[in-house]
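Tertiary structure, described
Chain by chain, the residues:
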Amino acid sequence: MATQLKNLSDFSGTTIPSAAPFSFAIIAAEWNTEVTLALYNGAYQALVDNGALPENIQAHWVPGSFELTAAADMVLKATAVDAVICLGCVIQGETRHFDFICDAVANGLSNVAIKYSKPVIFGVLTPDNQQQAVDRAGGKHGNKGIEAAVTAIKMTALAKTLGI
Ligand SMILES: Nc1c(NC[C@H](O)[C@H](O)[C@H](O)CO)[nH]c(=O)[nH]c1=O
Ligand SMILES: CC(=O)[C@@H](O)COP(=O)(O)O
């Protein structure tokens, strides 16, 4: 398994641009709040640890991961943020609802990023069970929120280099 015995949030030895010039929106889903709050805290702290100014980080909470796409579109339409970090946790249930949510969010966020030519980061856990979620929200496999924040910084730096 790709993540076996790996902390996917270990960026030691890598170069991360300063986030000081950039502005961010973090949008998190309320479903599985104990997980998504850990993702949010990881993302926020990773932004600040890499130089982002607290006043340049806005936060929004939506009911569920399915709403992340619409919220990202609203934020980019209404504000001038450089990047949007979307955080959620969709845990497999008894039906195919999981599949529809995950597919809709993954495809939807990609479309919003292309629509606005802005980084829209997919920081949504899609685990089979609660333990897999906890392991990726500050557990043995790291924190997907940290990974999402670092990705937002790197993609924003790319956009600025390209003059976007
Ligand atoms: N089961 C999970 C959901 N379901 C709710 C949807 O995201 C959405 O809010 C609803 O279908 C109304 O549009 N959301 C999660 O984020 N995680 C889940 O495990
Ligand atoms: C993953 C979900 O959408 C959650 O509502 C559980 O779904 P299910 O009704 O398939 O157990």
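These figures come from a predicted structure and were not determined experimentally.

Definitions and cut-offs
Residues numbered from 1 in each chain as written. Chains lettered and ligands numbered in written order. Predicted model: local features only at pLDDT ≥ 70, side-chain atom pairs only at ≥ 80, totals over all residues. Heavy atoms only, no water. UniProt positions renumbered as here; feature names shortened; annotations may be inferred. Helix = DSSP H or I, 4+ residues; strand = E, 2+ residues; numbered from the N terminus. Polar contact = N/O pair within 3.5 Å; in protein donor to acceptor, adjacent residues only side chain to side chain. Axes fitted to C-alpha atoms, helices over the stretch in contact; angles between N-to-C directions. Parallel < 35°, antiparallel > 145°, perpendicular 65-115°, else oblique. Left-handed = near helix turned anticlockwise from the far one by under 90°. Contact = heavy atoms within 4.5 Å. Nonpolar A, V, L, I, M, F, W, Y, C, P; charged D, E, K, R; others polar.

Re the UniProt feature "binding site: (2S)-2-hydroxy-3-oxobutyl phosphate" (unreviewed entry) in the protein
Under the UniProt annotation, "binding site: (2S)-2-hydroxy-3-oxobutyl phosphate" (unreviewed entry) lies at Glu94, Thr95 and Arg136. Spatial dispersion of the annotated residues is evident: they stretch over 43 residues in sequence, and the largest pairwise C-alpha distance comes to 23.2 Å. Following the sequence through the fold, Glu94 ends up in the loop between β3 (83–89) and α3 (97–116). Here Arg136 is to be found in the loop between α4 (130–135) and β5 (137–139). At 3.0 Å, the side chain of Arg136 forms a polar contact with the backbone oxygen of Gln132.

Quick look at the UniProt feature "active site" (unreviewed entry) in the protein
Mapped onto this structure's residue numbering, the UniProt feature "active site" (unreviewed entry) falls at His97. The topology assignment puts His97 in helix α3.

Details of the packing of helix α2 (residues 68–78) against α3
Two numbers describe how α2 lies on α3: the axes approach to 8 Å, and their chain directions differ by 15°. In terms of axis orientation, α2 runs roughly parallel to α3. The handedness of the crossing between α2 and α3 comes out as right-handed. On the side of α2, the interface is formed by Leu68, Thr69, Ala72, Asp73, Leu76 and Lys77, while α3 contributes Ala104, Val105, Gly108, Leu109, Val112, Lys115 and Tyr116. Of the residues belonging to the contact of α2 with α3, the class tally is eight nonpolar, two polar and three charged.

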